[in-house]
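The residues making up each chain are set out below.
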Amino acid sequence: MGIDFHNKDNQTTYTTRHADHSWIETMKELVPITSINKAADIGCGGGIYAKALADMGVTSVIGVDFSEAMLVGATENCKQYHQITFKQGNALATGLDDDSCQLVLERALIHHIQDVKACFQEAYRILEDEGVYIIQDRTPEDCLLKGDDCHIRGYFFECFPKLKEQEIKRRHSSELVVETLKEIGFNEITEVNLWETRNVYELQEQLLNDLRARTGRSILHEIDDEELNDLVNYIDQAITTESSIVEKDRWTIWKAVK
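A short tour of the structure in this document, coming up. (Residues numbered from 1 in each chain as written. Predicted model: local features only at pLDDT ≥ 70, side-chain atom pairs only at ≥ 80, totals over all residues. Heavy atoms only, no water.)

**Looking at the packing of aromatic side chains**
Item 1. The final tally for this structure, using the stated rule, is six aromatic pairs.
Item 2. The interplanar angle of 70° and the centroid separation of 4.7 Å between the aromatic rings of W23 and Y49 together place this pair among those described as edge-to-face. Separated by 26 residues along the polypeptide, W23 in helix α1 (residues 21-30) and Y49 in helix α2 (residues 48-55) bring together distant segments of the chain. Per residue, the accessibility class of W23 equals that of Y49, and both read buried.
Item 3. Both rings, one in Y124 and one in F186, keep their centres 5.0 Å apart while their planes meet at 85°; by these two values the pair is edge-to-face. With Y124 in helix α4 (residues 116-126) and F186 in the loop between α8 (174-184) and β6 (187-201), this residue pair connects regions lying 62 residues apart in the sequence.
Item 4. Three or more aromatic residues joined by ring pairs make a cluster, and in this case those are F120, Y124, Y133 and F186.
Item 5. For R138, the ring lying beneath its charged end belongs to W251, and the centroid distance is 3.8 Å.
Item 6. The ring of Y124 carries the charged tip of K258 above its face, separated from the ring centre by 4.8 Å. (Phe/Tyr/Trp six-rings, centres within 6.5 Å; stacked < 30°, edge-to-face > 60°. Helix = DSSP H or I, 4+ residues; strand = E, 2+ residues; numbered from the N terminus. Buried < 20%, exposed > 50% of the residue type's maximum accessible area, 1.4 Å probe, protein only. Lys NZ or Arg CZ within 6 Å of the ring centre and 35° of its normal.)

Spelled out as structure tokens, the structure:
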């Protein structure tokens, strides 16, 4: 099944959040943000992280996405930000100039790409010398951690083992990422794990409604509406807290320098 990123009905599904302070602080530790004049957010989706980079002080951010529908949502989401622009392109052919960026960010992108070598080569091409490449994605180990009141994603795979198979199939190992970065010529490769807060729900029903809408969760497009209803009921019963729910996902972030 899968999500149709080109469907206009999905154009706001990746515009509804703000980058969490945990992500912002991690970026500040990894990247000399105050010295970045131009950054590219490849696979920018709804522009959430392009907006975060601008808020952190990056002078100019260009978001690139292959979906015209996503770019419509991103443009609306970032309409107050004169330093952010968008263009249609893809991770293997961004259309950006050689040596034109000091920072390339690819968050939640590479699990949609089979040929990561071509993806990394394109990032290398558009980065200037000593430019920083940030890849953020989940390894299979990140995804398949046990579900609990914070790690809601873990329940997806407990309820539907077939989703576990799908997730493992589309996720790249850390070893592959690091080896490929080295092969292309990147240096100073650093790997960190981040528990990033996805959202805070004051009421459990808010989370359940978010799940029903599949908001920003491409893996849930792999199950039909009846299965989704079963999953929501499963999570409803599994959650133990009676207070607000702080949903977190574990990510792996790789930093590399050209």
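So much for the structure itself; the text now carries on.
**Quick notes on the pairing of strand β2 (residues 60-65)**
In the case of a regular strand, side chains alternate between the two sheet surfaces.
Item 1. In terms of residue burial, β2 counts as a mostly covered element, since five of its six residues are buried.
Item 2. The pairing of strand β1 (residues 38-42) with β2 spans five bridges and is parallel. Across the sheet, residue I42 finds its bridge partner in β2, namely V64.
Item 3. Bridge count for β2 against strand β3 (residues 84-88) is five bridges, and the pairing is parallel. When the sheet's bridge partners are listed, G63 is paired in β3 with F86.
Item 4. Between the parallel pair β2 and β3, the chain is carried across by helix α3 (residues 68-77), and the sense of this crossover is right-handed. (Pairing = 2+ DSSP bridges. Right-handed = clockwise from strand over helix to strand, strands pointing away.)

**Some remarks on empty space enclosed by the protein**
Item 1. In the structure shown here, the tally under the stated rule is one cavity of 30 Å³ or more.
Item 2. Each pocket or cavity is described by its volume, and for the largest cavity that value is around 30 Å³.
Item 3. Tallied by class, residues from the lining of the largest cavity come to two nonpolar, three polar and three charged. (1 Å grid on protein atoms, 1.4 Å probe; cavity = no way out; pocket = protein on both sides within 12 Å on 5 of 7 lines; lining within 4 Å. Points joined across faces, edges and corners; volume = space filled by probe spheres on them. Nonpolar A, V, L, I, M, F, W, Y, C, P; charged D, E, K, R; others polar.)

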